[in-house]
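# A look at the structure
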Amino acid sequence: MNPRDPALDGELDTPRSARPVPTQAHSPGGRIEVVCGSMFSGKTEELIRRVKRALYGRQKVQAFKPRIDDRYDATRIVSHGSIAIEAVPVATSESLLRRVEDGTQVIAIDEAQFFDRGIVEVCDELANQGRRVILAGLDQDYLGRPFPPMPDLMAIAEEVTKVRAVCTVCGGSASHSQRIIQQASTVLVGGSECYEARCRGCFRPRDVRPGEA
Ligand code: ADP
Ligand code: MG
Ligand code: ZN
């Protein structure tokens, strides 16, 4: 892109200071943490570990998951290693925001990649209110493409942790989710019957066309 393109001038010339700023001061202490990686990389385990530590610290915690993900349990977040915490399933980011109670200090959100784009603003708002927001989610889809809205969440987060699985082919450090069944949709909720953790070298993205088997 040519930065001097006159069509973009207005946009590029708007100084940050000229953009609308929030009228209310943000409460201190709020932050966004993102835990991301491939399938089986321990995202949910890490989310649960952070939640348990917050509970030990007598903090008020609320956990949420997208309603789409009912692989294991409708009202719990469950890891592949079978550790679990209670969670409220919500269909949209708006519904999540509505359910956050006064006094909640920590908000944990699993499978963040399955939320609508509004989750970015919702997390920002919750952190601005002084709350700690911890999200876990896939950074890439089954073709290795950034999985929205994770890139935006990673951009606004104070802290991003990338976790790694073990490559099922070579035993190396896995960053990709290999779909092992033929299905073309980006969203295919499943476990080891549908996906394998693979390193970059062993990952074979396959763009399957609908109807192909
Ligand atoms: P994620 O939320 O990232 O999908 P989980 O936290 O649910 O991962 O599960 C991580 C657990 O999955 C590990 O502790 C381990 O017991 C199990 N597991 C299964 N396959 C693998 C693998 N290929 N690499 C690492 N862990 C695996
Ligand atoms: Mg998980
Ligand atoms: Zn490998």
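Our structure's up above, just so we're on the same page.
In short, a report on the structure. Note that the structure is predicted; figures quoted are calculated from it, not measured.

### Quick notes on the overall build of the chain
The helix and strand inventory of the chain stands at five helices and twelve strands. Looking at the chain residue by residue over its 213 residues, the buried ones come to 33%. Of all intrachain contacts in the chain linking residues separated by at least 6 positions in sequence, the fraction that spans at least 24 positions is 72%.

### Details of unusual backbone geometry
Glycine aside, residues mostly have negative phi, and peptide bonds are mostly found in the trans state. Cis geometry is found at the peptide bond from Pro148 to Pro149, where omega equals 5 degrees. Non-glycine residue Ser82 carries a positive phi angle of around 75 degrees. Tracing the sequence through the fold places Ser82 in the loop between strand 3 (76-78) and strand 4 (84-86). Notably, Glu111 is not glycine yet its phi reads approximately 50 degrees, a positive angle. Position of Glu111 relative to the elements: it lies in the loop between strand 6 (106-109) and helix 4 (118-128).

### Remarks on the nonpolar core
Counting 43 residues, the largest nonpolar core has Leu47, Ala108, Ala112, Cys123, Val133, Leu135 and Leu153 as the members making the most contacts within it. When contributions to this core are tallied by element, the ones reaching two or more residues are strand 1 (31-37), helix 2 (43-56), strand 2 (61-66), strand 6, helix 4, strand 7 (132-138), helix 5 (150-156) and strand 12 (195-198). Here the element with the most residues in this core is helix 4; it accounts for six residues. Residues contacting Val133, with those up to four places away along its chain left out, are Ile32, Ile107, Cys123, Leu126 and Ala127.

### Details of the environment of Ala54
Tracing the backbone shows Ala54 in helix 2. A count of 17 C-beta atoms within 10 Å places Ala54 in the partly exposed class. Considered as a pair, Ala54 and Val106 are 52 residues apart in the sequence and their alpha carbons are 7.5 Å apart. Residues in contact with Ala54, not counting those within four places in the same chain, are Gln59, Val61 and Val106.

### Examining the site of ligand 1
If you check the shell around ligand 1, you find 15 residues, and the closest are Lys43, Thr44, Ser79, His80 and Ala165. Listed by contribution, the elements that provide at least two residues to the shell around ligand 1 are helix 2 and strand 9 (165-166). Examining the composition of the shell around ligand 1, we find that three residues originate from one element, helix 2, more than from any other. Here the shell around ligand 1 is built from residues that sort into five nonpolar, eight polar and two charged.

### Observations concerning helix 2
A turn of α-helix holds 3.6 residues, and therefore any two residues three or four places apart point the same way. With 14 residues, helix 2 should reach 20 Å at 1.5 Å per residue; the first-to-last C-alpha distance of 20 Å fits that figure. Of the residues making up helix 2, those classed as buried are Lys43, Thr44, Leu47, Ile48 and Val51. The buried residues of helix 2 all sit within an arc of 125 degrees when viewed along its axis, so they share a single face. Residues of helix 2 that are exposed and point over 90 degrees away from its buried face: Arg53 and Tyr56. Among the residues trailing helix 2, Arg58 stands out with phi positive, at a value near 60 degrees.

Scoring rules and cut-offs
- Residues numbered from 1 in each chain as written.
- Chains lettered and ligands numbered in written order.
- Predicted model: local features only at pLDDT ≥ 70, side-chain atom pairs only at ≥ 80, totals over all residues.
- Helix = DSSP H or I, 4+ residues; strand = E, 2+ residues; numbered from the N terminus.
- Buried ≥ 20, exposed ≤ 12 C-beta atoms within 10 Å, placed from the backbone.
- Contact = placed C-beta atoms within 7 Å.
- Core = buried A, V, L, I, M, F, W, Y, C linked by C-beta atoms within 7 Å.
- Near = placed C-beta within 6 Å.
- Nonpolar A, V, L, I, M, F, W, Y, C, P; charged D, E, K, R; others polar.
- Expected span 1.5 Å × (residues − 1).
- Arc of directions from axis to C-beta.

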